[in-house]
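Listed below, chain by chain, are the residues.
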Amino acid sequence: MIKIEIKTEKPYEVLIGKAILSGLGGHILSAHKACKVAVVTDNIVDALYLGQTEASLDDAGFAVNSFVIESGERKKTPAVYLSVIDFLASSKLNREDMVVALGGGVVGDIAGFAAATYMRGIDFVQVPTTLLSAIDASVGGKTGVDLAEGKNLLGAFHQPRLVFYDTDTFKTLSPDDIKNGVSEGIKYAVLRGGKVLEHLTAGISDENIADFVAECVKIKRDIVEADEKERGNRRLLNLGHTLGHVIEKLSSFGTPHGQAVAKGLSIVARASNRAGILSDGELNIILDLFAQYGLDISLGYSPHELISHLSLDKKASGDDAVNFVDIIGIGNCVVKKTAFLDLKKYIENL
Ligand SMILES: NC(=O)c1ccc[n+]([C@@H]2O[C@H](COP(=O)([O-])OP(=O)(O)OC[C@H]3O[C@@H](n4cnc5c(N)ncnc54)[C@H](O)[C@@H]3O)[C@@H](O)[C@H]2O)c1
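So, a few notes on the structure that sits alongside this text. (Residues numbered from 1 in each chain as written. Predicted model: local features only at pLDDT ≥ 70, side-chain atom pairs only at ≥ 80, totals over all residues. Heavy atoms only, no water.)

## Considerations on the pattern of salt bridges
Next up, step 1: This model, assessed by the stated rule, comprises 21 salt bridges.
Next up, step 2: One salt bridge in this structure joins Glu73 and Lys76, with 3.8 Å as the shortest N-O distance. Exposure class is identical for Glu73 and Lys76. Each is buried.
Next up, step 3: Note that Asp123 and Arg161 form a salt bridge whose closest N and O atoms lie 2.7 Å from each other. Of the two residues, Asp123 sits in strand β6 (residues 123-128) while Arg161 sits in the loop between β8 (150-157) and β9 (162-166), which places them 38 residues apart along the sequence.
Next up, step 4: Ionic contacts of the salt-bridge type, sharing partners, join the residues Glu73, Lys76, Asp109, Asp146, Lys151 and Glu248 into one network. (Salt bridge = Lys/Arg side-chain N within 4 Å of Asp/Glu carboxyl O. Buried < 20%, exposed > 50% of the residue type's maximum accessible area, 1.4 Å probe, protein only. Helix = DSSP H or I, 4+ residues; strand = E, 2+ residues; numbered from the N terminus.)

Below, the structure is given as structure tokens:
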């Protein structure tokens, strides 16, 4: 099993292994005494992994109750969040009790936000079952839900007590869900190069998946430990996300997060290249990765449309600029406060 320690204000471990789901209860018990546990999952993961998860928690002495939400980004709403809160209250959880988020980033974000706010905050454990959540969403403590006005507008920082995942659960993911995870992996490869880039170039397989996810988590660990509340360089993790979030919103949350990030990241890469910052060779390495994994980076929206929506949102909250992540080279990205006018010039006619 691979163990990575995250030294945030409240430290915790990320445990990664193959065929380890049945050991979940025992591992939680070493970080938390027996208590009531509310497992939150979605209707797809329910049929696949809820039984095993409940049995493991039950065997370890936890009193388990489970709540199933409908899967999908369109369900990452305040109403679903409130239904989870109602469930925690009706299950009579108190401050000593715990939430377990079993599923992808949507479940993790909603259940984490419920744990962050129920009784002003109770413990929660992330058990990610998608590649995207394993390498990104489950680590770092960002929780929340979307509003019609935009992504993740209602949320809180709340670090989990433990992140635990079984890489065998990725075997049931659809090819599209694998692609969505790879997209965030390409983000890490662009931010830091190194082993993540090597793994992606070589191809992700059952043999190297645990090492690949661990290398991604280590990059996130280093960035989050240095800037837990995103006041500075944690913004690097938003590479491709500023435009990606606009794409998700324009599609009424129909374009999956990973695919939207791929589109956003490819715009930034091409714009950085056109501005003479990113070399042709490194641009091609990035674009080749999207092609290798079959990620669709066609825009579907004009750059003008994207910037107009971005500026509308941000200006409504009083800003005339955004923190934008520029790619100088692979392993060399910077956060720059960029005025909308400059951003528009930067990406138009791509
Ligand atoms: N909190 C953070 O720091 C952070 C970071 C990145 C992304 N996110 C959020 O994560 C979300 C995207 O996460 P996602 O891509 O995991 O989406 P998701 O949670 O919607 O999962 C994708 C699909 O896979 C299904 N699924 C989950 N595990 C499965 C398995 N093992 N086998 C078969 N099907 C399975 C789900 O039911 C769903 O239909 C977005 O809302 C995004 O904003 C959060």
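Let's pick the thread back up.
## As for the packing of helix α3 (residues 78-90) against helix α4 (residues 105-117)
Next up, step 1: At a minimum axis separation of 9 Å, α3 and α4 run at an interaxial angle of 55 degrees. Of the possible angle classes, the one that applies to α3 and α4 is oblique. Relative to α4, α3 is oriented so that their crossing is right-handed. Packed against α3, whose contacting residues are Val80, Tyr81, Val84, Ile85 and Leu88, the element α4 presents Ile110, Phe113, Ala114 and Thr117 at the interface.
Next up, step 2: Along the lines of polarity and charge, the residues of the contact of α3 with α4 split into eight nonpolar, one polar and no charged. (Axes fitted to C-alpha atoms, helices over the stretch in contact; angles between N-to-C directions. Parallel < 35°, antiparallel > 145°, perpendicular 65-115°, else oblique. Left-handed = near helix turned anticlockwise from the far one by under 90°. Contact = heavy atoms within 4.5 Å. Nonpolar A, V, L, I, M, F, W, Y, C, P; charged D, E, K, R; others polar.)

## Brief notes about the sheet that holds strand β2 (residues 12-17)
Next up, step 1: Reading across the sheet, the seven strands line up as β1-β2-β9-β6-β5-β3-β4 and stay open at both edges, with mixed pairing between neighbours. Two strands close off the open sheet at either side, each with one partner strand: β1 (2-6) and β4 (63-69). The average undirected angle you get between the axes of adjacent strands in this sheet is 20 degrees.
Next up, step 2: Pairing between strand β5 (residues 98-103) and β6: six bridges, direction parallel. Looking at β6, one finds that Val100 is bridged to Val125.
Next up, step 3: The strands that helix α2 (residues 43-59) touches are β3 (36-42), β4 and β5; relative to β3, the one it contacts most, it runs at about 160 degrees.
Next up, step 4: Most of the contacts of helix α8 (residues 209-226) go to β1, to which it runs at about 10 degrees, and overall it touches β1, β2 and β9. (Pairing = 2+ DSSP bridges.)

## Structural notes on the site of the ligand
Next up, step 1: In the region of the ligand, 27 residues are neighbours, and Asp42, Glu73, Thr130, Lys151 and Thr172 sit closest.
Next up, step 2: Val106 is positioned such that a nitrogen or oxygen atom in its backbone is 3.0 Å from an oxygen atom of the ligand.
Next up, step 3: A distance of 2.7 Å separates a nitrogen atom of the ligand from a polar atom in the side chain of Thr172.
Next up, step 4: Out of a free accessible area of 860 Å², the ligand has 91% covered by protein chains.
Next up, step 5: Broken down by element, the residue count for the shell around the ligand peaks at four residues, all from α2. (Near = heavy atom within 4 Å. Polar contact = N/O pair within 3.5 Å; in protein donor to acceptor, adjacent residues only side chain to side chain. Areas by Shrake-Rupley, 256 points an atom, 1.4 Å probe, with all protein chains shown as cover.)

## Points about helix α13 (residues 340-347)
Next up, step 1: Here α13 has its buried residues at Phe340, Leu343, Tyr346 and Ile347. End-on, the buried residues of α13 take up no more than an arc of 120 degrees, which puts them together on one face. Away from the buried face of α13 by more than 90 degrees, exposed residues Leu341 and Lys345 are located. (Arc of directions from axis to C-beta.)

## A few points about the side chain of Ser251
Next up, step 1: Here Ser251 shows up in the loop between α9 (241-250) and α10 (257-274).
Next up, step 2: Here the side chain of Ser251 touches Thr255 through a polar contact of 2.9 Å, landing on its backbone nitrogen.
Next up, step 3: Dropping the residues within four chain positions of it, Ser251 is found in contact with Arg74 and Tyr301.

From the geometry alone we can't say anything about function, so treat these as descriptive.
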